[in-house]
Amino acid sequence: MSQDSSKARDGFTSSFGVLAATLGSAVGLGNIWMFPYLTGSSGGAGFLLVYLAATLLVGLPVMISEIMLGRHAKADAVTTMIKLAPRRQPWWLVSAFGVLAAFLIMSFYTEVAGWVFAYVFKAIGGGLLSTDPKVTSAAFDSMVGDPVQSLVWQWVVLVVIGGILLMGVSKGIEAVTKKLMPLLFLLLLILSVRSMLLPGSSAGLAFLFKPDFAKINAQVVLSAMGLAFFKLSIGMGTMMTYGSYFRDDQNVPVTTFRVMSADLFVSLLAGIAIFPAVFAFGFEPGAGPKLLFITIPAVFANMPLGNVFMVAFFLLASIAAIGAMLSLLEVPVSVMSERFGWGRPVTTVINLLLLALLGSGCALSASLTANVKLFGMNQFDLFDFVSTKLLMPIGGIALCLFVGWVWGEQRFRTALSNNGALANEKLLGVLFLVVRYVSPVLILAVMLKGLNVFG
Ligand code: PHE
């Protein structure tokens, strides 16, 4: 519970602030790193189509529901579920697993963010520019294989995020994302225009926008669904926490739709900034997770003023990562500071220390702990698997079941119409049916398929 109930709870203060912070959470390495490499390795436009369907049928309804619950209860994620669930039903476990997921995701996310931060400085120094992917690949391997560099960059990331969170919700998260999001759009626009103007760029655009239906298979559907969850930061308490900072007059369905569309736009722009350039210089789009760190520097090395564009690119990726990490860490920070009443500064420091400890195994997974494996995965891959393939989908299903079957249609309608102030009955009727029947079944089917349950 709030330690001092006479003091108003911190929250987002303006509509633009709500949008910037929520979009800041959604936009992240998911758009700039995963979306391009997954699209690249899953055959392009076909993947994009499936991803779009997953976003609309599952992502959007779950995100609206999650924000709604948070805004209704106005509390951290664990307290929200305790407040809203009937007595003696342990729905708060959904949020507890969310806190766990936030830690696991932060552990590997801070490492990738560390590489991105490092690349800004390396790009400024000019050390990354080579048109030969073998050279850029060696540069990347030597960085991730160096335990000191890996750890130090992860700590830099943690300190930046911790510093912003210490300033609070409105003065920290909201104020920072309000400045960073416009900058992100500006950089992204410049880079995509640059990429499209390259001779031979049309092959990249065709790859991104002309679907080849033969390439859509179960694996593609699975990756697309996973990405939709990860991208929209749902199924693990982040959107519930941010929803609790929403204002009461905010139109939740409309705001969520805007965030989803803007997030999709950022992914598309990232694809436009990357693929036309990749094709123009004759590189392979299917390089996988290393696309960003190996192919991209080689692509920029081929352009006039490539160095400047490369700095812009990694700066933009860093900005995206910061907004996402703020929202990830805010989940445990708000639970501990509000529920346990420990105060924000102490809580933030405890969380940073915990993450430095837990995350080091991920940071070192290309060096010292490379051979430490569980179920055949190193810590980085294991944390990624458990959080994105298990905890997030299970959290998503649980949320749908809670909203669709426990919370119920009446409350759903009241909460999302702002007590009837918004005339959106028809929309809410359809949305409720999707949350109750369609989304949970789809998530379950895709998750089980992904775990190879059907053989
Ligand atoms: N949505 C973020 C991204 O795309 C990642 C994220 C996941 C953030 C879960 C918060 C919660 O990078």
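To be clear, the structure that these remarks concern was listed above.
Right, let's walk through the structure included here.

For helix H16 (residues 379-407), the principal kink sits at leucine 391 and spans about 30°; a proline, proline 393, occurs within the next four residues. Two or three places before phenylalanine 380, at the start of H16, stands the capping residue asparagine 378, its side-chain oxygen 3.2 Å from that residue's backbone nitrogen. After H16 finishes, the residue glycine 408 shows a positive phi value of roughly 90°.

It is worth spelling out the pattern of salt bridges at this point. Per the counting criterion, the structure on display carries 9 salt bridges. Arginine 9 is the salt-bridge partner of glutamate 338, the closest N and O atoms lying 2.9 Å from each other. Of this pair, glutamate 338 sits in helix H14 (residues 306-339) while arginine 9 is found in the segment before helix H1 (15-26), placing the two residues 329 residues apart along the sequence. On the basis of relative accessibility, which here comes to 15%, the residue glutamate 338 falls in the buried class. Linking arginine 344 and glutamate 330 is a salt bridge whose minimum nitrogen-to-oxygen distance equals 2.6 Å. Placement of the pair is arginine 344 in helix H15 (residues 344-363) and glutamate 330 in helix H14, with a sequence separation of 14 residues. A relative accessible area of 0% places glutamate 330 in the buried class.

Okay, the site of the ligand next. In the vicinity of the ligand lie 16 residues, with Ala26, Gly30, Tyr109, Phe230 and Lys231 positioned nearest. Between the ligand and the protein, one listed contact pairs a nitrogen atom with a backbone N or O atom of alanine 26 at 2.9 Å. Between the ligand and glycine 30, the relevant distance is 2.9 Å, taken from an oxygen atom to a main-chain nitrogen or oxygen of the residue. The protein chains hide 100% of the 330 Å² of surface that the ligand would expose on its own. Counting only elements with at least two residues in the shell around the ligand, the list comes to H1, helix H2 (29-41), helix H10 (218-231) and H14. Of the residues belonging to the shell around the ligand, the class tally is 8 nonpolar, 7 polar and 1 charged.

Reading guide: rules and limits
In this numbering scheme, every chain counts its residues from 1 along its sequence in written order. Local features are withheld for residues below a pLDDT of 70 in this predicted model, meaning they are given only at 70 or higher, and side-chain atom pairs are given and counted only at 80 or more; totals for whole chains, interfaces and linings count all residues. To obtain the side-chain values, all non-hydrogen atoms of the structure were included, while hydrogens and water were left out. A residue's bend is given by the angle between axes fitted to the 7 residues ending at it and the 7 residues starting at it. Runs of H or I in DSSP of at least four residues are treated as helices and runs of E of at least two as strands, each being numbered from the N terminus. Side-chain atoms alone can form a polar contact between residues adjacent in sequence; in general such a contact is a pair of N or O atoms within 3.5 Å, and within protein one must be able to donate a hydrogen while the other accepts it. Any Lys or Arg side-chain nitrogen located within 4 Å of an Asp or Glu carboxyl oxygen qualifies as a salt bridge. Relative accessibility thresholds used throughout: buried, under 20% of the residue-type maximum; exposed, over 50%; partly exposed, between the two (1.4 Å probe, protein chains only). Nearness is defined per residue: one heavy atom within 4 Å of the molecule or strand is enough. Here the open area of atoms and residues is found with the Shrake-Rupley method and a 1.4 Å probe, where only the protein chains shown may cover a residue. Residue classes follow a fixed rule: Ala, Val, Leu, Ile, Met, Phe, Trp, Tyr, Cys and Pro count as nonpolar, while Asp, Glu, Lys and Arg count as charged, and any other residue, Gly among them, counts as polar.

Take it as geometry only, folks, not as evidence of what the structure does.
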